[in-house]
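Close look at the chain arrangement
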Amino acid sequence: MRHAAHKAHKGSSVLALTQSLFASNHGSHTAQAVYAVQSASGNAQALGLDEKVAEKINEIAPVTRRSMREAARAAQRRNTVLTSASLAALVGTAATSMAFMKQDDTTTMFPVADDASTTQTLNIARVESAAASRSDEREALDSAVAVTDTDHGTWEMGDTNQVSDAAKLTTAKANNPKVASKLDHDADILPAGFNANHPTGDTGNAYPWGQCTWWAYTRRAQLGLNTGSYFGDARSWGASAQSLGYWVDNTPRETGDVLVFAPGQEGASGYYGHVAIVEAVNSDGSIRISESNVQGLGVISDREFTAEQAAQFTYVHY
């Protein structure tokens, strides 16, 4: 004879639901898992639980294996971060302590981790009260040298400090060494603003062989002096040279000066003029010159002029 089931008490369904949530279960499709999912989705009212209570239950008691694994991984990550931070703080504290560690004679730097034999040691030498020297064998300055008032020099000028030749203190700067030596000699008489490195116009001897212009260029080259390659006819050499910056005047000064004859002057051509090279300037002001094409094409000859005659010519210096 079957007996009828006892009548369920009112509210028993709610109690059964609560018990099922905390009962042991397996798998992700149990009633508890379904209820938890519904609770997380905002269906706590349908389950008869307060919404905040359902969220808290889902947070502290994951109901699926996947959620359990994720919660475990999160906890492990938090532990790892905390451990790393603690280790870094510990290493920093140890390093600071070692850096400020003071010893009597030496300070040992941090050893290499894989080989303690490579530890580097910085020796700090102590400076004693005696004067320092560059080697251990030398005596202190106060005992090796007796310093007196007579050992101190002064900046006062005396007979032995006088400059015998002020001109030797400086050397004129010029690209051409021959010109540089002449500049020192002529420093007091150079034209104002003279540029020793002016354009020379010298690209080689472009004058017809045997002519007076050809010889003037050739002789100057032998003496290490530049000459314009295209000064033109002999009569125009003074003006051409001056336009490039050469020093030009009416005074013979040194061997190598170009003497320019005006057309017809002292037997020069009435149209082309003439040029020659000063070979010597005598003490009385007279000069001796060398020239070409006076006695024949390509024939080199010389002449002399008095000081009065020499003052009538134009001269190209450098």
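Here goes a summary of the coordinates provided. Note that the coordinates shown come from a computational prediction; the quantities given were computed from them, not determined experimentally. (Residues numbered from 1 in each chain as written. Predicted model: local features only at pLDDT ≥ 70, side-chain atom pairs only at ≥ 80, totals over all residues. Heavy atoms only, no water.)

What to know about the sheet that holds strand E3 (residues 248-249)
Strand order in the open sheet formed by six strands is E3-E8-E4-E5-E6-E7, with antiparallel pairing between adjacent strands. Each edge of the open sheet is held by one strand with a lone partner, namely E3 and strand E7 (300-305). Sheet strands in contact with helix H8 (residues 212-222) are strand E4 (258-261), strand E5 (274-281), strand E6 (287-292), E7 and strand E8 (314-316), and its direction is about 35° off that of E5. Strands in contact with helix H9 (residues 237-244) are E3, E4, E5 and E8; relative to E8, the strand with the most contacts, it is inclined by about 40°. (Pairing = 2+ DSSP bridges. Helix = DSSP H or I, 4+ residues; strand = E, 2+ residues; numbered from the N terminus. Contact = heavy atoms within 4.5 Å. Axes fitted to C-alpha atoms, helices over the stretch in contact; angles between N-to-C directions.)

Overview of the nonpolar core
Judged by nonpolar contacts, the single largest core of 17 residues is most densely connected at Trp237, Val258, Val275 and Val316. Sorting the residues of this core by element identifies H8, H9, E4 and E5 as the ones contributing at least two each. The greatest single-element share of this core, amounting to five residues, is contributed by H8. If we skip the residues at most four places from it in the chain, tryptophan 237 touches Tyr207, Thr213, Ala216, Tyr217, Thr227, Phe231, Gly232, Val258, Val260, Val275 and Val316. Counting residues in hydrophobic clusters, the runner-up holds eleven residues, among them Leu259, Ala276, Ala310 and Tyr315. (Core = buried A, V, L, I, M, F, W, Y, C linked by side-chain atoms within 4.5 Å. Buried < 20%, exposed > 50% of the residue type's maximum accessible area, 1.4 Å probe, protein only.)

Section: empty space enclosed by the protein
Tallying each qualifying case throughout the model produces one cavity of 30 Å³ or more. Computed from the structure, the largest cavity encloses a volume of approximately 50 Å³. Lining the largest cavity are Lys182, Asp186, Arg220, Leu225, Trp247, Arg253, Glu254, Thr255, Gly256, Asp257, His317 and Tyr318. Here the lining of the largest cavity is built from residues that sort into three nonpolar, three polar and six charged. (1 Å grid on protein atoms, 1.4 Å probe; cavity = no way out; pocket = protein on both sides within 12 Å on 5 of 7 lines; lining within 4 Å. Points joined across faces, edges and corners; volume = space filled by probe spheres on them. Nonpolar A, V, L, I, M, F, W, Y, C, P; charged D, E, K, R; others polar.)

Section: the pattern of salt bridges
For the coordinates displayed, the defined rule picks out five salt bridges. Across the salt bridge formed by aspartate 233 and arginine 235, the nearest N and O atoms sit 4.0 Å from each other. (Salt bridge = Lys/Arg side-chain N within 4 Å of Asp/Glu carboxyl O.)

Topic: a positive patch on the surface
Among the surface-exposed residues, Arg65, Arg69, Arg73, Arg77 and Arg78 lie close enough to one another that they form a single positively charged patch. The topology assignment puts arginine 65 in helix H5 (residues 65-99). Taking relative accessible area as the criterion, arginine 65 reaches 56% and is therefore assigned exposed. (Patch = residues over 30% accessible without salt bridge, like charges linked within 9 Å, V, L, I, M, F, W, Y side chains within 5 Å. Areas by Shrake-Rupley, 256 points an atom, 1.4 Å probe, with all protein chains shown as cover. Lys, Arg positive; Asp, Glu negative; His and termini not counted. Charge placed at Lys NZ, Arg CZ, Asp CG, Glu CD.)

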